[in-house]
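Residue-level structural notes
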Amino acid sequence: MINNFKNARKVIWWLSVDNYERIYTFKKAILGGFVHVLYLLKNGTLLFHRNDYKMADYHLCQSYYAIDFLKRKKVKNVLYLSDYINDAFMQITDNKQKQDIVLYNPKKGYRFTKRIMKRASDLKWVPIKNLTTSQVKDLLLQSKVYIDFGSHPGKDRFPREAAICNCCVITGKRGSAKFYKDVPISDEFKFKYSRENTDKIVIKIRECLNNYDTKIKEFDSYKEHIKGEKEQFKKDVDAIFVNVGVSNEKIDN
């Protein structure tokens, strides 16, 4: 639709990189049916979708992962505009008793997560699914560890919500998780996806459970960073829109 707007500065806000990359593949076009293929051919997106985003005047990136992606594509006018988590998670008044619970998102990286769970079947594993915001918050407040071995297509909210609720956070090194500025936790808590690392991850989970009071302190700076995201978002919006595209975090290409 980007060419439908002639008298406007066009801006793309990159909340995800991976989901864009996979959405217009030839394989999906074929699976969508012959009519869909004809539509894509007619509109020139089947062959040229890899460059359609370059028609935008500005690119706002929710993550440094997205910034890296666009820089490698030699895209100009890249600005940083992240987001912030729900205010409900910033209002923690009750200190629930922490339990030896390991939380995970069954919709992200489950194949690898399942392998870890099998290696530590004695632990209490609880999926975060079909819950309201309030219920997610309560579950996080009760638990000690949250693991996330998904693709991290953008700066995901679950790791931030978990950290602010005083969970130790353990992630993979895909997508935004491999960028310290997106997930600013020690490399001690980040692991590459491999069979060889399965036992190492289990050991780290057990460390966080057994030495929780010590390990949780290593996430203090991450929590402070999360607490400042809303105000930083407001400043970045002002810099980008009020000052006509001039941002304090403009990326030099």
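Residues numbered from 1 in each chain as written. Predicted model: local features only at pLDDT ≥ 70, side-chain atom pairs only at ≥ 80, totals over all residues. Heavy atoms only, no water.

**Side note on the packing of aromatic side chains**
Remark: the centre distance and the inter-plane angle together describe each pair of aromatic rings, the angle taken between the planes. The tally for this structure, following the rule as stated, stands at 13 aromatic pairs. When the ring of Trp14 is compared with that of Phe69, the centres are 5.6 Å apart and the planes differ by 55°; the resulting orientation is tilted. You can see Trp14 sitting in strand β1 (residues 11–14) and its partner Phe69 sitting in helix α5 (residues 64–72), a full 55 residues away along the chain. Like Phe69, Trp14 is buried. When the ring of Tyr53 is compared with that of Phe69, the centres are 6.1 Å apart and the planes differ by 50°; the resulting orientation is tilted. Of the two residues, Tyr53 sits in the loop between α4 (45–48) and β2 (58–61) while Phe69 sits in helix α5, which places them 16 residues apart along the sequence. Accessibility expressed as a relative area gives 3% for Tyr53, which makes it buried. (Phe/Tyr/Trp six-rings, centres within 6.5 Å; stacked < 30°, edge-to-face > 60°. Helix = DSSP H or I, 4+ residues; strand = E, 2+ residues; numbered from the N terminus. Buried < 20%, exposed > 50% of the residue type's maximum accessible area, 1.4 Å probe, protein only.)

**Some words on the sheet that holds strand β3 (residues 78–80)**
Reading across from one edge, β1-β2-β3 is the order of the 3 strands in this open sheet, with parallel pairing throughout. Each edge of the open sheet is held by one strand with a lone partner, namely β1 and β3. Mean inter-strand twist for the sheet, computed between neighbouring axes without regard to direction, equals 25°. In this sheet, β3 lies alongside β2 in parallel orientation, the contact comprising 3 bridges. Among the inter-strand pairings, Leu60 is bridged to a residue of β3, identified as Leu79. In the packing of helix α12 (residues 229–242) onto the sheet, contacts are made with β1, β2 and β3, and the angle to β3 comes to roughly 150°. (Pairing = 2+ DSSP bridges. Axes fitted to C-alpha atoms, helices over the stretch in contact; angles between N-to-C directions. Contact = heavy atoms within 4.5 Å.)

**Quick word on the environment of Tyr84**
Its location among the elements puts Tyr84 in the loop between β3 and β4 (99–104). Sequence separation between Tyr84 and Ile226 is 142 residues, and the spatial gap between their C-alpha atoms is 7.4 Å. With residues up to four places along the chain from it excluded, the contact list for Tyr84 reads Arg160, Glu229, Lys230 and Phe233.

**Quick look at unusual backbone geometry**
In this structure, Lys74 takes a positive phi of about 60° despite not being glycine. Considering the arrangement of structural elements, one finds Lys74 in the loop between α5 and β3. Judged by relative accessible area, which is 69%, Lys74 ranks as exposed. In this model, His152 sits at a positive phi of 50°, which is unusual for a non-glycine residue. The residue His152 is located in the loop between β6 (143–148) and α8 (157–164) in this model. What makes His152 buried here is its relative accessible area of 1%.

**Some thoughts on the side chain of Thr198**
Among the secondary structure elements, Thr198 is positioned in helix α9 (residues 198–210). Look at Thr198 and you get buried, because its relative accessible area is 0%. A distance of 3.1 Å separates a polar atom in the side chain of Thr198 from the backbone oxygen of Arg195. In this structure, Thr198 is in contact with Phe112, Arg115, Ile116 and Arg119, ignoring residues within four places of it in sequence. (Polar contact = N/O pair within 3.5 Å; in protein donor to acceptor, adjacent residues only side chain to side chain.)

**What about the pattern of salt bridges?**
All chains considered together, the criterion is met by 19 salt bridges. Taking the shortest distance from any N to any O, the salt bridge between Glu188 and Lys215 comes out at 2.7 Å. Highlighted residues: Glu188 in the loop between β7 (168–171) and α9 and Lys215 in helix α10 (residues 212–215), separated in sequence by 27 residues. For the salt bridge of Glu207 with Lys204, the shortest nitrogen-to-oxygen distance reads 2.9 Å. Here Glu207 pairs with Lys204, and both are found in helix α9, just 3 residues apart, close to one helical turn. Members of the salt-bridge network, linked through shared partners, are Glu188, Lys204, Glu207, Lys215 and Glu218. (Salt bridge = Lys/Arg side-chain N within 4 Å of Asp/Glu carboxyl O.)

The values are spatial; any link to function lies outside them.
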